Amino acid sequence: MTALGLPDTIQACLFDLDGVVTRTAVVHAAAWKETFDAFLRGHAGQRPFDSVADYDEYVDGRPRADGVRAFLDSRGIQLPEGTPDDPPDAPTVHGLGNRKNELLLEKIRTQGVEAYDGTLRYLEAVRAHGLRTAIVSSSANCRDVLRSIGAEHFFDVRIDGVVAAERGLPGKPHPDTFLAAARDLGVEPAAAAVFEDALAGMDAGRAGRFGYVVGVDRVGQTDALYAHGADTVVKDLTELGGKE
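Summarised in this report is the structure supplied together with it. (Residues numbered from 1 in each chain as written. Predicted model: local features only at pLDDT ≥ 70, side-chain atom pairs only at ≥ 80, totals over all residues. Heavy atoms only, no water.)

### So, the nonpolar core
Core analysis: the largest hydrophobic core is formed by 37 residues, its most contacted members being Leu6, Phe15, Tyr122, Phe195 and Leu237. Elements supplying a minimum of two residues to this core: strand 1 (12-15), helix 1 (25-40), helix 4 (93-111), helix 5 (117-128), helix 6 (142-148), strand 4 (192-196) and strand 5 (212-216). Excluding residues within four positions of it along the chain, Phe15 makes contact with Val20, Val21, Tyr122, Leu123, Thr133, Ala134, Ile135, Val136, Phe155, Phe195 and Leu237. Core analysis: the second largest hydrophobic core is formed by 20 residues, Val136, Leu185, Ala191 and Phe210 among them. (Core = buried A, V, L, I, M, F, W, Y, C linked by side-chain atoms within 4.5 Å. Buried < 20%, exposed > 50% of the residue type's maximum accessible area, 1.4 Å probe, protein only. Helix = DSSP H or I, 4+ residues; strand = E, 2+ residues; numbered from the N terminus. Contact = heavy atoms within 4.5 Å.)

Structural data, given as structure tokens:
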């Protein structure tokens, strides 16, 4: 293992955004809960959205529309797809997703965005060791979030919700966005490490046959991260090393 805590075959690092670089996973969960709870009140016998169990299982790491479909399917509810331009009060998959995004942006505006200092230090070390880097996120707000914390310069490549839509890439748990990042960096998947906190991200790392998959456990789900394909699990990236 290198000083970065990675196999010496690794040439590039692919980082998820929410929960790995930024402390926004809890904000996402709150926005999903507010969205789904309001919707479920119109469906008798439905329990509220669980911002830990339901969030981890059905929406964390997935593109918004995929998260809506997965969660509603778990409750036996079907909605029309609608279109990405649906207003946030439309009773469609995209309408619910847009409502969640509206609430998320409002929470980010009022609460701000924080970075994980340990991740920023690790990114500095990764760059100092000459490894290439990419940010891989399902969020369409990825670039704005990175700019808000002054971290855009850490990444050679950005594959986010906007880029994925432009290229027609399915989101996590499919590996396509991570594979696209490795391709844009000019490395084979076996020479790239994936850094993820979401179970869907672990699945993507395993499916893409990446050289190393690091699970970042922010919420006490170490066993689940291993079960979904992590090679190692840390609570903070500084545990991997990277100190000169």
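### As for the environment of Gly215
Its place among the elements puts Gly215 in strand 5. Sequence-wise, Gly215 and Gly61 are 154 residues apart; in three dimensions their C-alpha atoms are separated by 13 Å. Residue contacts for Gly215: discarding those within four places in its chain leaves Glu196, Met202, Leu225, Ala230, Thr232, Val233 and Val234.

### Observations concerning helix 9 (residues 199-207)
Counted residue by residue, helix 9 has 7 buried out of 9 residues, so it is predominantly covered. Considered for burial, the residues of helix 9 that qualify are Leu199, Ala200, Gly201, Met202, Asp203, Ala204 and Gly205. Count one or two residues on from helix 9 and you reach Arg209, which has phi positive near 55°.

### Some words on the pairing of strand 2 (residues 132-136)
When you tally the buried positions in strand 2, you get 4 out of 5 residues, the bulk of the element. As defined by bridge partners, strand 1 adjoins strand 2 across 4 bridges and the pair is classed as parallel. Each bridged residue has a counterpart across the sheet, and for Ala12 the counterpart in strand 2 is Arg132. Of the strand pairs in this sheet, strand 2 and strand 3 (residues 157-159) are connected by 3 bridges, and their pairing is parallel. Residue pairing in the sheet places Ile135 in a bridge with Arg158 of strand 3. Of the crossover connections in this fold, the one passing from strand 2 over helix 6 to the parallel strand 3 is right-handed. (Pairing = 2+ DSSP bridges. Right-handed = clockwise from strand over helix to strand, strands pointing away.)

### Considerations on helix 4
Taking 1.5 Å per residue, 19 residues should reach 27 Å; helix 4 reaches 27 Å between its end C-alpha atoms and fits that length. Of the residues making up helix 4, those classed as buried are Val93, His94, Gly95, Leu96, Gly97, Asn98, Lys100, Asn101, Leu103, Leu104, Lys107 and Ile108. Phi turns positive, to about 80°, at Gly112, one or two residues after helix 4. (Expected span 1.5 Å × (residues − 1).)

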